[in-house]
Amino acid sequence: MAWVLSNDEEESHLIRPDPTWTDWDLKAETIHGISRDRLHAEGAPVADVAARMLSALAGYTLYATAPSWDGKWLSRLLRTAGLPRHALRLQDTEAVHRHTVHEVLRGMGVPADLHDGLMTKVLSQAQRKDDELGPAEHRALADARREQRLWLDIRRRSQEVAAQELSQSSSQG
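Residues numbered from 1 in each chain as written. Predicted model: local features only at pLDDT ≥ 70, side-chain atom pairs only at ≥ 80, totals over all residues. Heavy atoms only, no water.

Topic: the overall build of the protein
Alright, step 1. When helices and strands are tallied, the protein shows 7 helices and 4 strands.
Alright, step 2. Taken from N to C terminus, the helices and strands of the protein fall in the order β-β-α-α-α-β-α-β-α-α-α.
Alright, step 3. Taking 173 residues into account, the globule formula puts the C-alpha radius of gyration at 16 Å, and the protein, at 20 Å, lies well above it.
Alright, step 4. Principal-axis analysis of the C-alpha atoms places the extent of the protein at approximately 70 × 30 × 25 Å.
Alright, step 5. For the protein, with 173 residues in total, the buried portion stands at 30%.
Alright, step 6. Long-range pairs, those at least 24 residues apart, make up 70% of the contacts in the protein with a sequence separation of at least 6.
Alright, step 7. Carbon together with sulfur atoms contributes 51% to the accessible area of the protein, which is approximately 10,600 Å² in total. (Helix = DSSP H or I, 4+ residues; strand = E, 2+ residues; numbered from the N terminus. Rg over C-alpha atoms; globule rule 2.2 N^0.38 Å. Buried < 20%, exposed > 50% of the residue type's maximum accessible area, 1.4 Å probe, protein only. Contact = heavy atoms within 4.5 Å. Areas by Shrake-Rupley, 256 points an atom, 1.4 Å probe, with all protein chains shown as cover.)

As structure tokens, this is what we get:
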């Protein structure tokens, strides 16, 4: 479990499986490279990680690339710790990407009728750059850092595209 905040604060925690968690996916273990034995040896108790998450993340909007999948595990963590399963909720990173582009374009005064076309351009460029990094590491902190870099790149590209669009429209007007 890991997170990176907008102010660059970050945390990562291995979680010791609760005794009630009897399922284990060997295929997933191969992907992320963390054995159940390692989690038992090095992981923090479920209640400690859940309490830390609530303390650190309360009041933040949380994003994940697979919110239904990650939300299932977050909910399970919270319930096992005796906390409300919706104490923390995840939203899809694609939504924040689109919102970021629209907010930047609107904030810089780009006409609304241009937003969709410019958003498509920004998001496709940023995704191509992200794809060049290769596949995700499937380690929570590395993946969270990558998602933050993608979001920052989208914000930067939105500002550049907006400035370019405004420059072109003022030179034509």
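After that view, the rundown keeps rolling.
Things to note about helix 4 (residues 67–80)
Alright, step 1. The end-to-end C-alpha distance of helix 4, which contains 14 residues, comes to 19 Å, matching closely the 20 Å that a straight helix rising 1.5 Å per residue would cover.
Alright, step 2. Buried residues of helix 4: Leu74, Ser75, Arg76, Leu77 and Leu78, and no others.
Alright, step 3. The inward-facing, buried residues of helix 4 contact helix 3 (46–57) and strand 4 (90–92).
Alright, step 4. Once helix 4 ends, the next one or two residues include glycine 82, with phi positive near 80°. (Expected span 1.5 Å × (residues − 1).)

Looking at helix 5 (residues 93–107)
Working note: α-helix, 3.6 residues per turn, so residues spaced by three or four point in the same direction.
Alright, step 1. Between its first and last C-alpha atoms helix 5 spans 21 Å; for 15 residues at 1.5 Å apiece the expected length is 21 Å, and the two agree.
Alright, step 2. Check the buried side of helix 5 and you find it contacts strand 3 (62–64), strand 4, helix 6 (115–131) and helix 7 (140–172).
Alright, step 3. Its side-chain oxygen 2.9 Å from the backbone nitrogen of glutamate 94, aspartate 92 forms the N-cap of helix 5.
Alright, step 4. After helix 5 finishes, the residue glycine 109 shows a positive phi value of roughly 85°. (Polar contact = N/O pair within 3.5 Å; in protein donor to acceptor, adjacent residues only side chain to side chain.)

Some remarks on the nonpolar core
Alright, step 1. Trp3, Ile15, Met53, Leu57, Leu74, Leu77 and Leu88 are the most contacted members of the largest nonpolar core, which has 15 residues in total.
Alright, step 2. With 6 residues, the top contributor of residues to this core is helix 3.
Alright, step 3. Setting aside residues no more than four positions away along its own chain, leucine 74 makes contact with Met53, Leu88 and Leu90.
Alright, step 4. With 11 residues, the next largest nonpolar core counts Val101, Leu105, Met119 and Ile154 among its residues. (Core = buried A, V, L, I, M, F, W, Y, C linked by side-chain atoms within 4.5 Å.)

Here's the deal with the packing of aromatic side chains
Alright, step 1. Tallied over the full model, the rule gives 1 aromatic pair.
Alright, step 2. On the basis of an interplanar angle of 75° and a centroid distance of 5.9 Å, the ring pair of tryptophan 69 and tryptophan 73 is categorised as edge-to-face. Highlighted residues: tryptophan 69 and tryptophan 73, both in helix 4, separated by 4 residues, approximately one helical turn. (Phe/Tyr/Trp six-rings, centres within 6.5 Å; stacked < 30°, edge-to-face > 60°.)

What about the side chain of histidine 97?
Alright, step 1. With respect to the helices and strands, the residue histidine 97 is situated in helix 5.
Alright, step 2. According to the relative accessible area criterion, histidine 97 is buried, its value standing at 8%.
Alright, step 3. Setting aside chain neighbours within four positions, we find histidine 97 in contact with Leu123, Glu147, Leu150, Trp151 and Ile154.

These figures come from the coordinates and say nothing about function on their own.
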